[in-house]
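Here's the letter readout for the chains.
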Amino acid sequence: MRILVTGGAGFIGSHLCDRLISEGNDVVVMDNFITGSPVNIAHLEGNPHFLFIKADISESCQVDGPLDAVMNLASPASPVGYLENPIATMRVGAQGTYNALELARQKGARFLMASTSEVYGDPLEHPQRETYWGNVNCIGIRSVYDEAKRYAEGLTMAFNRTYGVQTRIIRIFNTYGPRMALNDGRVVPNFVAQAVRNEPITVYGDGTATRAFCYVSDLVDGMLRLLWSDEVLPVNIGNPIEMTVLEFAQAVRAAGQPECKSEIAFVQPRAERIADDPQRRRPDITRARSILGWEPKVSLEEGLKLTIEYFRKAIA
Ligand code: UDP
């Protein structure tokens, strides 16, 4: 198969490329490095099954030759990333997704939209099922990401209904692992980098907000199962083990032993950093289990050890 991964130089995208290439596929990556990094794909340069095109899919998304699938991961994805790039985030979700869908239509390729648990906003239903329509502040500062992804889902369904494009929508919940950008501001890179540097672990507010963390290899596995399935409606992929941010800080500190001496510090970040911060988030993965036979396998302890190892090297 020949597969285009937009955003392939990002954290999840680069792991996806590795997996696709290891399974014998040809991979084309398109990325403009707005938040991704050449370092994430440096090991693939020179591989005859790998082609890199530096391009902003909001401007144009063109690839010569056949394509069997287009996987659309291009977008800033961390709150810091999209708050620093609000217009680019809206453009890539809207025009970028349109351009990628048009390419899939022209090539007769499958299309997978990398959507997000952010479509549920600050959810009033818990855990979140795919049937929940969400609670999004459409003019809040997170809306540049949330609404762009909601629009992208709608556009993806429109291409399916209008042109019969074989589309798939994955709603990705919090994912972590090696190659997360050190400075992307999310809770995992922040806490892990702090633990590695023996700095205080910065829990925002009282640390009672909850998240559930999926290791990246599990996520990629679910994403590929969905791509090759027949399921057109959205599927949540994430780890259903929910914990508070404070519990997560303690887990990071424990995983960093015996070296880690970090204390836990309760801090008040800038108001805009936590505006509309979802208070509870946990995927209901009933559909992923029944349709894809998928569930996460990597424990938090195991995943954190691998992530800490990567950050130790990256920081050294
Ligand atoms: N958070 C925190 N300390 C940090 C970074 C994040 O307490 O240094 C909290 C944040 O307020 C939120 C949760 O961790 O409640 C997850 O935030 P993240 O930025 O990772 O992304 P989100 O899941 O909100 O998209």
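Analysis parameters
One numbering rule holds for all chains: residues counted from 1, following each sequence as written. Local features in a predicted model are, by the rule used here, given only for residues with pLDDT of at least 70; side-chain atom pairs are given and counted only at 80 or more, and totals for whole chains, interfaces and linings are based on all residues. Think of the side-chain values as coming from all heavy atoms in the structure, minus any hydrogens and water. By the criteria applied, helices consist of DSSP H or I runs no shorter than four residues and strands consist of E runs no shorter than two, each listed in order from the N terminus. For a compact globule the rule gives 2.2 Å times the number of residues to the power 0.38, and the radius of gyration it is set against comes from C-alpha atoms. Only heavy atoms enter the contact rule, under which two residues are in contact if any of them lie within 4.5 Å. Accessibility throughout is a Shrake-Rupley quantity obtained with a 1.4 Å probe, and a residue counts as covered only by protein chains that appear here. Counting rule for charge: Lys and Arg are taken as positive, Asp and Glu as negative, and neither His nor the chain ends is counted. To locate a charge, take NZ of a lysine, CZ of an arginine, CG of an aspartate or CD of a glutamate. To be near a molecule or strand, a residue needs just one of its heavy atoms within 4 Å of it. Each polar contact in these results corresponds to two N or O atoms within 3.5 Å; when the atoms are within protein, one needs to be able to donate a hydrogen and the other to accept it, and residues that are neighboring in sequence are counted only if both atoms are side-chain atoms. Lys, Arg, Asp and Glu make up the charged group, whereas Ala, Val, Leu, Ile, Met, Phe, Trp, Tyr, Cys and Pro make up the nonpolar group; the residues left over, Gly among them, are polar. Aromatic pairs are defined between Phe, Tyr and Trp rings, using the six-membered ring for Trp, whenever the two ring centres lie within 6.5 Å; interplanar angles under 30 degrees are classed as stacked, those over 60 as edge-to-face, and all others as tilted. To qualify as a nonpolar core, a set must consist of buried Ala, Val, Leu, Ile, Met, Phe, Trp, Tyr and Cys residues joined through side-chain atoms within 4.5 Å. Think of it in three bands: with a 1.4 Å probe and only protein chains considered, a residue is buried below 20% of the maximum accessible area for its type, exposed above 50%, and partly exposed in between.

Peer 1: Tell me what's going on with the overall build of the protein, and back it up with residues and numbers.
Peer 2: Scanning the protein for helices and strands turns up 10 helices and 13 strands. For the protein, the C-alpha radius of gyration of 19 Å lies close to 20 Å, the compact-globule estimate for 316 residues. For the protein, the spread of C-alpha atoms along the three principal axes comes to 55 × 45 × 40 Å. Long-range pairs, those at least 24 residues apart, make up 80% of the contacts in the protein with a sequence separation of at least 6. Split by element, the accessible area of the protein, about 13,300 Å² in all, is 53% carbon and sulfur. Charged side chains of the protein number 32 positive and 37 negative; the gap between the two group centres comes to 1 Å.

Peer 1: Summarise the site of the ligand; cite the residues concerned and give the values.
Peer 2: Taken together, 19 residues are adjacent to the ligand, and Val187, Thr202, Arg211, Arg273 and Asp277 come closest. The contact in question runs from an oxygen atom of the ligand to an N or O atom on the side chain of Arg142, over 3.0 Å. At 2.7 Å from an oxygen atom of the ligand is found a side-chain nitrogen or oxygen belonging to Arg273. Contact with the protein chains covers 97% of the free accessible surface of the ligand, which is 520 Å². Looking at the shell around the ligand, the elements with two or more residues in it are helix H5 (187–196), strand S8 (201–204) and helix H8 (271–274). Here the shell around the ligand is built from residues that sort into 8 nonpolar, 4 polar and 7 charged.

Peer 1: So what about the packing of aromatic side chains? Which residues, and what values?
Peer 2: Geometry of an aromatic ring pair is reported as the spacing of the ring centres plus the angle between the planes. On inspection of all chains with the given rule, the structure shows 10 aromatic pairs. Taking 6.0 Å as the distance between ring centres and 20° as the angle between the ring planes, the aromatic pair formed by Tyr120 and Tyr132 counts as stacked. Remark: Tyr132 occurs in the loop between strand S5 (110–116) and helix H4 (143–163) and Tyr120 occurs in the loop between S5 and H4; sequence separation between them is 12 residues. Taking the centre distance of 6.1 Å and the plane angle of 40° together, the rings of Tyr120 and Phe173 count as tilted.

Peer 1: So what about the nonpolar core? Which residues, and what values?
Peer 2: Judged by nonpolar contacts, the single largest core of 60 residues is most densely connected at Leu16, Met71, Met223 and Phe248. Here this core takes 7 residues from helix H6 (residues 216–227), the largest share from any one element. For Met71, the residues in contact, after removing those within four places along its chain, are Ile3, Leu4, Val5, Thr6, Leu16, Leu20, Leu112, Met223, Leu224 and Leu227. Residues Val28, Cys61, Leu67 and Val165 belong to the second largest nonpolar core, which totals 24 residues.

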